[in-house]
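So the chains spell out like this:
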Amino acid sequence: MTAAMRDPMLPRPFRIEKVRRELSDTFTMELVPAEGGGFAFAAGQFNMLYVFGIGEVPISISGDPGDGGKLIHTTRAVGAVTRAMDSMRAGDVVGVRGPFGTPWPVEEAFGHDLVFVAGGVGLAPLRPAIYQAMANRQRFGKVVVLYGARTPDDILFRRELERWRGRFDMEVHVTVDRGNPKWSGNVGVVPNLIAHAGFDPLSTTAFVCGPEVMMRYTALALEKNGVGREGIFLSMERNMKCGCGLCGHCQWGPHFVCKDGPVYRYDRIADLLAIREL
Amino acid sequence: MGQPHDLGQIIDAHPFFKGIDSTLRSLLVGCAANERFEPGDFLVREGRPADKFYLLRAGQVAVEVDVPGKAPIVLETIGEGEVLGWSWVIEPYVSTFDARAMTLVRAVSFDGACLRRKMAGDPALGYEVLRRFLPVIGHRLATARLQLLDLYGPGVAKAARAKRKNGQ
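Just so it is clear, the structure is predicted and the values come from calculations on it, not from any experiment.

**Re the environment of Leu-104 of chain B**
All names here are of chain B. Checked against the element boundaries, Leu-104 lands in the loop between strand 7 (98-101) and strand 8 (105-111). Note: C-alpha distance between Leu-104 and Gly-59 (45 residues apart in sequence) is 5.6 Å. Not counting the four nearest positions on each side in its chain, Leu-104 is found in contact with Glu-38, Pro-39 and Gly-59.

Here it is, written out as structure tokens:
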């Protein structure tokens, strides 16, 4: 059955091939289709992951869109479903519906400087776009990753950040809200890194993902440093249920975040972000 | 120590005084000096007279608070292109935190008492300096509040999840 013919409400069984502990409360699962075949997705999209008998949750895809063989999800155990997921092991099966939602417009950013700004576990939904950008590195000007974490022990994908930082064609800056005696890097909020990143604001596309408050202040800082609203993209999070714009759980003003988002151009949602009741 | 002419160029090139009127800048130069700090050197000590502020030209400085018997807590780090210290302009001119060089630091320091005298005698200079300091103070206050929110902590994630689930 092709993806186009598949019922979006019907979960497809995926076997957990590997589980990797990222942080004390955050883990990554590598999934393969139990029935065989691949899984195509675009950077920024999410799946509804179903732990049978417990429930279903929306989780962003954190793997490489160029690697069609594996489906990779990184999430934090914060509720009943993700806690149940955290206790699953290689060989267990989960249901997958998706991929859903709008992607990061990586190809539209060709020719621009590309700035990724992530906070906390928000680095996971951005990672596929970073992979895609690095696979097309010659198509961009500067590629900058700015990442903020709670403490040095909460830095997600630390080895990968170190590897990216070691490249000569990529700039990576990390900051933490609270340092510790072993930490000799930046301390402060991630929007503070923007002024030091050295990109050309008139020709920059910025992808931002993290807690909504962090994204609001990051967008303001990007604007203050000269990046136009039409060049800023945010990944929004709401209570997604059906994943395809039918149930209305994720309605946000005139949008269904599961279908019209999660990735939005900032100028199209800036007014909505200012409405507290939404 | 650099010559005043060099310091004038350095001040002109620093983002904090970007575009400043040349007459006002020449007044600043009279209170300025080039300084260099090795890693571990203190630029500012909590509780001591706040007699200087710094334009950081290179390196990184930790603004921190001393905790008896423990390692100091770093509140934020400040680097190239930024300004360090405003207690010199607020009575009683006493520093409220430590500032320690994390790397080799090159900076232009300004003698607070010298600059206060000049600012008192020349309101245009006083206005210009304060006009540039106020956004920095406001920005540092705002970012300190954001840090206090503990945005990436489990409590905030749970609260956001509950709010979304309740449709709020």
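After that view, the rundown keeps rolling.
**Quick look at the environment of Phe-100 of chain A**
Residue and element names in this part refer to chain A. Checked against the element boundaries, Phe-100 lands in strand 6 (residues 93-100). By the C-beta count within 10 Å, which is 21 here, Phe-100 ends up buried. Each C-alpha atom, one on Phe-100 and one on Pro-8, is 9.1 Å from the other, the two residues being 92 residues apart in sequence. When neighbours within four sequence positions are excluded, Phe-100 is seen to be in contact with Gln-45, Phe-46, Asn-47, Gly-243, Cys-244 and Cys-258.

**Description of the confidence of the model for chain B**
When pLDDT is averaged across chain B, the result is 90; 89% of the residues are at 70 or more. Confidence estimates for the predicted assembly give a pTM of 0.91 and an ipTM of 0.85.

**Some details on the nonpolar core**
Counting 112 residues, the largest nonpolar core has Phe-116, Leu-146, Val-208 and Phe-233 of chain A together with Val-61 of chain B as the members making the most contacts within it. When residues of this core are assigned to domains, at least three fall in each of domain 1 (12-100) and domain 2 (107-235) of chain A. If we ignore the near neighbours within four places in the chain, the residues touching Val-208 of chain A are Val-117, Met-215, Thr-218, Ala-219, Ile-232, Phe-233 and Leu-234 of chain A.

**Describing the pairing of strand 7 of chain B**
All names here are of chain B. Side chains Asp-98 and Arg-100 project from strand 7 onto one buried face, and the interleaved Ala-99 and Ala-101 project onto a second face that is buried too. Where strand 2 (residues 42-44) lies against strand 7, two bridges are found, and the strand directions are antiparallel. When the sheet's bridge partners are listed, Val-44 is paired in strand 7 with Ala-99. In this sheet, strand 7 lies alongside strand 4 (residues 60-65) in antiparallel orientation, the contact comprising four bridges. When the bridges of strand 7 are listed, Ala-62 appears paired with Arg-100.

**Looking at the sheet that holds strand 15 (residues 263-265) of chain A**
Residues and elements named next belong to chain A. The seven strands are arranged 10-9-8-7-11-12-15 in an open sheet whose pairing can be described as mixed. The open sheet has two edge strands with one neighbour each: strand 10 (186-187) and strand 15. Looking at chain direction, strand 11 (residues 204-209) and strand 12 (residues 232-235) are connected through three bridges and run parallel. Directly across from Val-208, in strand 12, lies its bridge partner Leu-234. This element, helix 2 (residues 123-135), spans strand 7 (113-119), strand 8 (143-149), strand 11 and strand 12 of the sheet and lies at about 160° to strand 7.

**As for the sheet that holds strand 7 of chain B**
Residue and element names in this part refer to chain B. Strand order in the open sheet formed by four strands is 2-7-4-5, with antiparallel pairing between adjacent strands. Unpaired on one side and paired on the other, strand 2 and strand 5 (73-79) mark the two borders of the sheet. The sheet shows a mean angle of 30° between the axes of neighbouring strands, direction not considered. Here six bridges tie strand 4 to strand 5, and the two strands are oriented antiparallel to one another. Across the sheet, Val-63 pairs through a bridge with Glu-76, a residue of strand 5.

**Overview of unusual backbone geometry**
All names here are of chain A. In this structure, Pro-99 follows Gly-98 across a cis peptide bond, with omega equal to 5°. Cis rather than trans, the peptide bond between Gly-261 and Pro-262 has omega equal to 5°. Checked against the element boundaries, Pro-262 lands in the loop between helix 5 (257-260) and strand 15. Notably, Phe-157 is not glycine yet its phi reads approximately 50°, a positive angle. Its place among the elements puts Phe-157 in the loop between strand 8 and helix 3 (158-165). A count of 21 C-beta atoms within 10 Å places Phe-157 in the buried class.

**Structural notes on the pairing of strand 7 of chain A**
Residue and element names in this part refer to chain A. Taking burial as the measure, the seven residues of strand 7 include seven buried ones, the bulk of the element. Here strand 7 shows two buried faces, one formed by Asp-113, Val-115, Val-117 and Gly-119 and the other by Leu-114, Phe-116 and Ala-118. Where strand 7 lies against strand 11, six bridges are found, and the strand directions are parallel. Bridge assignment links Phe-116 to a residue of strand 11, and that residue is Phe-207. Sheet topology note: the strand 7/strand 8 ladder contains six bridges and is parallel. Across the sheet, Ala-118 pairs through a bridge with Tyr-147, a residue of strand 8.

Each value, and the rule that gives it
- Residues numbered from 1 in each chain as written.
- Chains lettered and ligands numbered in written order.
- Predicted model: local features only at pLDDT ≥ 70, side-chain atom pairs only at ≥ 80, totals over all residues.
- Helix = DSSP H or I, 4+ residues; strand = E, 2+ residues; numbered from the N terminus.
- Contact = placed C-beta atoms within 7 Å.
- Buried ≥ 20, exposed ≤ 12 C-beta atoms within 10 Å, placed from the backbone.
- pLDDT = per-residue confidence, 0-100.
- Core = buried A, V, L, I, M, F, W, Y, C linked by C-beta atoms within 7 Å.
- Domains from an automatic or database assignment.
- Pairing = 2+ DSSP bridges.
- Axes fitted to C-alpha atoms, helices over the stretch in contact; angles between N-to-C directions.

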